[in-house]
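An overview of the molecular structure
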Protein chains: 4
Amino acid sequence: MSKPRDSYREDVAGRANVEDTPELLAYYDELESFDAGALWTVANKIEPWEPQSSSQPVLWRYKDLRDHVLRSVDLVTPEKAGRRVIYLNNPGRTDVAAAVGWIYAGLQVMHPGEQASAHRHSASAIRFIMEGTGAYTVVDGHKMTLGHNDFVLTPNGTWHEHAVSADGSPCIWQDGLDIPFVNAMEANFYEVHPDLTQAVAYPVDDMTKTWGNPGLTPRGGDWTKGYSPMFKYEWAPTYEALSKLAGCSDGSPFDGILMDYVNPVTNGPVMKTLGASMQMLRPGERTKAHRHTGSYLYHVAKGSGHSIINGKRFDWNEHDIFCVPSWAWHEHANASDRDDAVLFCLSDLPVMRAMGLYREQAFGENDGHQPVL
Amino acid sequence: MSKPRDSYREDVAGRANVEDTPELLAYYDELESFDAGALWTVANKIEPWEPQSSSQPVLWRYKDLRDHVLRSVDLVTPEKAGRRVIYLNNPGRTDVAAAVGWIYAGLQVMHPGEQASAHRHSASAIRFIMEGTGAYTVVDGHKMTLGHNDFVLTPNGTWHEHAVSADGSPCIWQDGLDIPFVNAMEANFYEVHPDLTQAVAYPVDDMTKTWGNPGLTPRGGDWTKGYSPMFKYEWAPTYEALSKLAGCSDGSPFDGILMDYVNPVTNGPVMKTLGASMQMLRPGERTKAHRHTGSYLYHVAKGSGHSIINGKRFDWNEHDIFCVPSWAWHEHANASDRDDAVLFCLSDLPVMRAMGLYREQAFGENDGHQPVL
Amino acid sequence: MSKPRDSYREDVAGRANVEDTPELLAYYDELESFDAGALWTVANKIEPWEPQSSSQPVLWRYKDLRDHVLRSVDLVTPEKAGRRVIYLNNPGRTDVAAAVGWIYAGLQVMHPGEQASAHRHSASAIRFIMEGTGAYTVVDGHKMTLGHNDFVLTPNGTWHEHAVSADGSPCIWQDGLDIPFVNAMEANFYEVHPDLTQAVAYPVDDMTKTWGNPGLTPRGGDWTKGYSPMFKYEWAPTYEALSKLAGCSDGSPFDGILMDYVNPVTNGPVMKTLGASMQMLRPGERTKAHRHTGSYLYHVAKGSGHSIINGKRFDWNEHDIFCVPSWAWHEHANASDRDDAVLFCLSDLPVMRAMGLYREQAFGENDGHQPVL
Amino acid sequence: MSKPRDSYREDVAGRANVEDTPELLAYYDELESFDAGALWTVANKIEPWEPQSSSQPVLWRYKDLRDHVLRSVDLVTPEKAGRRVIYLNNPGRTDVAAAVGWIYAGLQVMHPGEQASAHRHSASAIRFIMEGTGAYTVVDGHKMTLGHNDFVLTPNGTWHEHAVSADGSPCIWQDGLDIPFVNAMEANFYEVHPDLTQAVAYPVDDMTKTWGNPGLTPRGGDWTKGYSPMFKYEWAPTYEALSKLAGCSDGSPFDGILMDYVNPVTNGPVMKTLGASMQMLRPGERTKAHRHTGSYLYHVAKGSGHSIINGKRFDWNEHDIFCVPSWAWHEHANASDRDDAVLFCLSDLPVMRAMGLYREQAFGENDGHQPVL
Ligand SMILES: [Fe+2]
Ligand SMILES: [Fe+2]
Ligand SMILES: [Fe+2]
Ligand SMILES: [Fe+2]
Ligand SMILES: [Fe+2]
Ligand SMILES: [Fe+2]
Ligand SMILES: [Fe+2]
Ligand SMILES: [Fe+2]
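The structure contained in this document is the topic of the report that follows. Keep in mind that this is a model prediction, so the values were computed, not measured.

Overlaying chain C on chain B yields an RMSD of 0.0 Å, the required transformation being a rotation through 180° with an accompanying axial translation of 0.0 Å. Accordingly, the operation relating the two chain copies is best matched by a two-fold axis. Closest approach to the rotation axis within chain C is made by the C-alpha atom of Pro214 of chain C, at a distance of 2.3 Å. When the interface residues of chain C are mapped onto chain B, 97% of them are again interface residues, pointing to one common binding face.

Across all of its chains, the model carries 56 salt bridges over all chains by this definition. Among the ionic pairs, Glu234 of chain A bridges to Lys232 of chain A, the shortest N-O distance being 3.0 Å. Assessed through its relative accessible area of 30%, Glu234 of chain A is described here as partly exposed. Residue Glu114 of chain D is joined to Arg84 of chain D by a salt bridge in which the shortest nitrogen-to-oxygen separation is 2.4 Å. Separated by 30 residues along the polypeptide, Glu114 of chain D in the loop between strand S4 (104-110) and strand S5 (119-121) and Arg84 of chain D in the loop between helix H4 (78-81) and strand S3 (85-88) bring together distant segments of the chain.

A few words on the coordination of the iron ion (ligand 3). Residues and elements named next belong to chain B. Within the first shell, the iron ion (ligand 3) binds the protein through His119 (NE2), His121 (NE2) and His160 (NE2), at distances of 2.1 to 2.2 Å. Taken in chain order, the donor set of the iron ion (ligand 3) reads H-x1-H-x38-H. The exposure classification of His119 matches that of His121, with both residues buried.

It is worth spelling out the coordination of the iron ion (ligand 2) at this point. Residue and element names in this part refer to chain A. The protein atoms that coordinate the iron ion (ligand 2) are His290 (NE2), His292 (NE2) and His330 (NE2), at distances spanning 2.2 Å. The sequence motif formed by the donor residues of the iron ion (ligand 2) is H-x1-H-x37-H. Taken as a pair, His292 in strand S18 (residues 290-292) and His330 in strand S23 (residues 330-334) lie far apart in primary sequence, 38 residues in all. The exposure class assigned to His292 is buried, which follows from its relative accessible area of 6%.

The next subject is the sheet that holds strand S14 (residues 232-233) of chain D. Taken in spatial order, the 7 strands of this open sheet run S1(C)-S3(D)-S4(D)-S11(D)-S6(D)-S9(D)-S14(D), and their pairing is antiparallel. Whereas interior strands pair on both sides, the edge strands pair on one side only; in this sheet they are strand S1 (36-38) of chain C together with S14 of chain D. Pairing analysis gives 2 bridges linking strand S9 (residues 151-154) of chain D to S14 of chain D, with the strands arranged antiparallel. In the strand pairing of S14 of chain D, Val152 of chain D is matched with Lys232 of chain D. The sheet contacts of helix H3 (residues 62-75) of chain D involve S1 of chain C together with S3, S4, strand S6 (125-131) and strand S11 (171-177) of chain D, and relative to S4 of chain D the element is tilted by about 55°.

Rules used in this analysis
- The residue numbering used here restarts from 1 in each chain and proceeds along that chain's sequence as written.
- Chain letters and ligand numbers both follow the written order, the letters beginning at A and the numbers at 1.
- With the structure being a predicted model, the display of local features is reserved for residues of pLDDT at least 70 and the display and counting of side-chain atom pairs for 80 or more, all residues being used for whole-chain, interface and lining totals.
- For the side-chain quantities, the full set of heavy atoms in the structure was used; hydrogens and water were omitted.
- To superpose the copies, least squares is applied to the C-alpha atoms of every residue with a pLDDT of at least 70 in both.
- Contacts are assigned to residue pairs with any non-hydrogen atoms lying within 4.5 Å of each other.
- What makes a salt bridge here is a side-chain nitrogen of Lys or Arg within 4 Å of a carboxyl oxygen of Asp or Glu, nothing more.
- Burial status follows relative accessibility: with a 1.4 Å probe on protein chains alone, a residue under 20% of its type maximum counts as buried, one over 50% as exposed, and anything between as partly exposed.
- Helix numbers and strand numbers start at the N terminus; a helix is a DSSP run of H or I with at least 4 residues, a strand a run of E with at least 2.
- For Na, K and Ca the donor cut-off is 3.2 Å, and for all other metals it is 2.8 Å, counting N, O and S atoms only; because water is absent from this set, sites may look incomplete.
- The criterion for strand pairing is that DSSP finds at least two bridges linking the strands in question.
- Where helices are involved, their axes are fitted lines through C-alpha atoms of the stretch in contact, as for all axes, and angles between N-to-C directions lie from 0 to 180°.

In structure tokens:
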């Protein structure tokens, strides 16, 4: 006898609505033997009316995570662990170890004088510094020094190694990568550097000095790789840029003052698969709700406030991390009437846009604010 | 007591190699309660040395499938089923109903006078006609008539409906879509046309007549959408193009004479998420093996031969379908010394390329030919 | 005493209107000694209200030119003349030997077995065949055979040589080049091939066979040069394309059925500095007048009719040539109620567009038709 | 009897070399009556071996010009003159009032409280401030304040007006425009603003604040016009950028440390027809000679030194202006061993590049230095 099946029936014109019969069930079994199936048994499942993310909205509090991150130093050596990282494991995405959607994120700690072994892979990373001094990264021979709220790119295929200089202090940073996406696309390669370390071949911070100048480009600087040559993006000019923009723009009702980090050669995303943005919520600002496709991982760079995601309130403070899954309603509020709050955001927006899959919608009722569950 | 875990240990410099201890297992449990984990327990799994596809190489014989497809006409009405389609269900991808990787494919049958209800969705489709006369498709008001080995695009977001005219014969075609990919990206929307049908608003085949002219473009024809305006691609000019190219090019050692279908406005892929190509194996031609990232679904448009995929031989005839998973070794051979064989191929190559994830490798040993298992 | 000057005075707010005084005239002389001048003496001249072309509308009748072209065969040897060409010399542009604006054109004759010496230059050319059989051109090793109303590109920097095969007949063609423009930009280089001829290195017509296929591109065919790889554009598929477009489009009120020849890799112009188009006037068609920037040289590919240019009527027959200067009103009429007429057009439209200088305007009065002077 | 002609004969294979005969002279006359000519009589002239610029190298000393500029204030009213500008009149280009090639330049003076009438035209301008305080420009409703060595764009088609605020001081600036080029292309339109002035519609300097941030772009800031949205480029960040680049790059042997001003949206030139760059000659630096196509107008932004152009030495000081014609050999030397010198440069490089006409060559002999005549 044939096994029972879920056929996802819907009684709507244009949708599949086929009742199981013994004859059909037998037919389904036969098809199965040919590695085939009847579309109408799965059509309504694989063609949903709108996206339903498998990710859950989650807030990771830095005060919870920090102790555990620091404890890893006592528990494992860098040699054994490769990297001492506590990764964010979305309850809906544990099968792919993602923080949200296809984005991986973790907090890594490194002590002065420590250095990770050089390697490269198809996954692309953004390393965002949370605390400590003396952190640096070498990418394809370019050394970048890193301070608070700075970040560095280690794009697809580049040799890279993170380290903290001997005269620094213990450093914690957030790693954000597209590992789950690259795995899903079955395109991840990994290679350890033959020397486990690489030589610094250029003046320190040369890529940011060369490419990070407003309205100016180096003559003869032909850069055609699929990622930004700027490599390091610093907090100070970013905060200055947001402040300037706040002084001459109303911003967005949904996002306040929002700027995207870009590849200066294309004005497009810093890497093809991973986008980064920074947004300022002005004193007292409370945004309206909207939703859009794509997966978003926020990191509180400055200030405190709360976000309402699919009707649930999440209160956040500096260096807390939270996620907004695809097509989830969300709105943000700054807790302070005097200081601004600033949110750093990693996302797969570049993928959604390049593939023509980005769509957004404003929350129309209740003056744009979700009822809190 | 803590549960046992798989930690994917490797004894290689730069890779995770941490032994479970009671203290660590307790630590892992604690992390879990914060929706977090220790990277070194999964690092070697999520950062593999090279891709290992979850798809299996499969050959679907048309002589097996055809009867089952035709039988569906007796088993379900179009009204109940939505569409009478037998889909290809890769044993490694049954969870997402994919033929290979993130690509869906099915065989659909329609009788003269039948018409599917008009709808639209974020997934993009290519409908490739296998047999029958009188098939046509309407896309955003443009009607396209379709013959043997022709195909039509129904891109992301376009209203579309398939039909067979009353004076035609029963038609079977292959549907290829990016449904699994769009679902994975959590960006699929579905909408039934309010009238269940749409008006034809332009002369028949106008888009192909307007845009399908070599080296000529209509003045004032500004087309900026993310997909080709050509909509229908016909077999006759395709076969002529392959023949002309074969007469003035050596082709590729791995692919024979291969042409990509393109958006004439960009010379890029016909749609952002789904690529199509046609390749000719000349009489007696046997290609060398290579492998590359991306998922590929072949359809035998003409002739017969065999392919060796990861060491396994698959013999194919006209309208058979087979797949090559990501990073699988593959080579093709034409069975005839007198006639050419032609393979139509659907793939996610546009995604792989746009995301910087395409990589390929020639099979170096044995004069380029795999040992057959 | 200072010399008198023309100061182009206008009595309009915002325009220069300065009367000569002895003091000013002395001042002007002083400025002149420093290689300087007073802007207000020339401002109204160099900033006109709208363009006034220095070119005149001209019609060159083929029946007038043909005899003279043929006579050149008796008058000069190819060795002495380089090329036996009668060039079109617009009365307003004799200083730069242009047919209109910055476009050079000439009629060249070559007898069977003759071959011009191979050379290259920064100017780009389009060779349009008017009569005869056996004409061919070699461009960077690619040999193209040429028939009636076909044309071949010899882009900036490519080695090229024209010839007529020994079994052909005397050939006449129109050469169109951007020589005056490249000279004006002071960027013309000329080089004679060291061997005075070049080897044919590819199958005949390979570039058109490879690149001239609607909706298909050769895999691996990376072409990044600034001009079309198609090299030869044929009359038969062009006329077929116009006919197809006429069957599914209303066309333009000003241009009838107009298609631009394009680089298939970019869908942009065939070369950066020189554009080509072909337009069909349907039986009985009479277009409305408009004007636009840019210089246009028409060649009657088929049929007969007339054009009204800045109020003056020009009647044309097959292979007649006429020009429309920048910003000149123009409209066209087919003389036949049964046959179509087809106009080939060379222009600097690619320059105008790339530089943001293209502008157009419809003739508003009199139902869109100019009064004939 | 026929008039004598210059036929530019050359006794080189592949070049025209036809002797005048009575028969030929009569033939030429006949051709002339049809608005035609024999190519071989002009071929060697219009197809030169290499470019020979009609412009001459010229140095305009600011100490010479400044007095004359200031004197214009007493000589003409702004109402009568339109603008009080002394323009640079290259002895080889007086027919088109160009400083070099197709580039116009002039020095303009304005007193506190003065304001030019608002207008627009197809020509594009760069206004580079030389001295004075309080200068500002309004472009399409955006007001930009301007200090020493800052510049503002007034692109093709934008409404613009220059002014000096009442609390400022007399200002002198350099205007650089593509007027001769736009006239040559017969595409210049001019319009006086109906109100002779325009309203300021945005916060002061908003475009530079919004678009002038390194590695950051405003979300939602879709800018597709053919020119930079940044409008104003300031001296301070430019000098800082050159200093940073000098600290991490060897620069070019021909140009020292050279950066191009760019449209941040495209990383291409600030306007389609007019490019701007700034280059630093480090203390003691002496560059090697090269030549290239395109016309270049240098303005000494800082320091002193000399340039050798086609073998002639020109010594320059701050705010002196000099030109390098197309294909002229040139090299630069900083006069100081302690301070850097900085040269601002306007050019038609964007045109040369877009049209595929840029070419350059190093001076090979004498260790790269020209003999001085
Ligand atoms: Fe890494
Ligand atoms: Fe949002
Ligand atoms: Fe569909
Ligand atoms: Fe392959
Ligand atoms: Fe030539
Ligand atoms: Fe026109
Ligand atoms: Fe102006
Ligand atoms: Fe130079």
